[in-house]
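Structure assessment
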Amino acid sequence: MRFPELVQHFAAAAAAGEGDSLADLFTPEGTYDDYFFGPCTGRQAIKQMLKHFAEGGRDFRWEFYDPVCSGNIGYASYRFSFQSTRPEAKGARVTFDGIGRFELDGDRIQRYSEVFDRGMALAQQAFEPERLSKIALKYAKALQSRPEWAPHVR
C-alpha cells in the first residue's frame, strides 16, 4: 500500500472506531503514541486505546492531507474533529489540526506519533483553567526530562 493510501485507511479506521482495521495497519509490536492517551504498544493495546476515543466523544472526523514519505518515515498534516460528550462541554464540536509522523516497517506502521495543540483541544471541552495549567505543565516536564532535550533546558 502506498503511503497516501495508508494514511487514508488509518484516518478512516480511527474515525469509525474500527479497532481491528486500525491495529492491522501496525506491525505486531507497533506503537500508537496518542497525544492525549500516550503510547500504546501492540495491536491489542491500540484497539483498547481506540475504545477510549468513544468515551470522550462521538462523530469523529479525521482528514489527512499533504502526505510525504522518504524512506521509512512519512508525515501528513491533518484536521481532526469530534463532538465532545464531556458534560461540561455541552456538546461542543472540538476542532484542531496537527501533524502525524509515521515510522514504517515495509507496508506497516512501526510507530505513529503526532503533534497538535493539546491545550486548544482541551479548552474547547471546557476544562477548567487550573486543570489546563496542570496538564500543560505535566507534559512540559515530561518533554524536558527526555535526554535529547538536555541542551535546551540548561
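What comes next is a walk through the structure. The structure displayed is predicted, hence computed values, not measured ones.

Here's the deal with the pairing of strand β4 (residues 73-84)
Of the pairings in the sheet, the one linking strand β3 (residues 57-70) to β4 comprises 10 bridges and is antiparallel in character. Its bridge partner being in β4, R58 is matched across the sheet by Q83. Two successive antiparallel strands, β3 and β4, enclose a turn made up of two residues, where G71 displays a positive phi of approximately 65 degrees. Note: β4 against strand β5 (residues 93-105), 11 bridges, orientation antiparallel. The partner of Y78 across the bridge, within β5, is G98.

Observations regarding the sheet that holds β3
Spatial strand order, β2-β1-β6-β5-β4-β3: six strands in an open sheet with mixed pairing. Edge positions in the sheet fall to β2 (38-41) and β3, since each has one partner strand and no second. Strand-to-strand, the axes of this sheet are offset by a mean angle of 20 degrees, without reference to chain direction. The pairing of strand β1 (residues 26-34) with β2 spans four bridges and is classified as antiparallel. Counted as the bridge partner of Y32 is C40 from β2.

Thoughts on the nonpolar core
Core analysis: the biggest nonpolar cluster contains 32 residues, and F10, L22, Y32, W62, F64 and Y112 have the highest contact counts within it. Breaking this core down by element, the ones donating at least two residues are α1 (3-16), α2 (19-23), β1, α3 (43-56), β3, β4, β5 and β6 (108-116). In terms of residue count, the dominant contributor to this core is α1 (seven residues). Sequence-distant contacts of W62, defined by excluding residues within four places in its chain, comprise F10, A11, A14, A15, Y32, Y78, R79, F80, Y112 and E114.

Digging into the side chain of S113
Positionally, S113 belongs in strand β6. Classification of S113 as buried rests on a relative accessible area of 16%. Those residues in contact with S113 that lie beyond four places of it in its chain are D33, I99, G100 and R101.

About the cut-offs
- Residues numbered from 1 in each chain as written.
- Predicted model: local features only at pLDDT ≥ 70, side-chain atom pairs only at ≥ 80, totals over all residues.
- Heavy atoms only, no water.
- Pairing = 2+ DSSP bridges.
- Helix = DSSP H or I, 4+ residues; strand = E, 2+ residues; numbered from the N terminus.
- Axes fitted to C-alpha atoms, helices over the stretch in contact; angles between N-to-C directions.
- Core = buried A, V, L, I, M, F, W, Y, C linked by side-chain atoms within 4.5 Å.
- Buried < 20%, exposed > 50% of the residue type's maximum accessible area, 1.4 Å probe, protein only.
- Contact = heavy atoms within 4.5 Å.

Shape descriptors only; they carry no functional weight alone.
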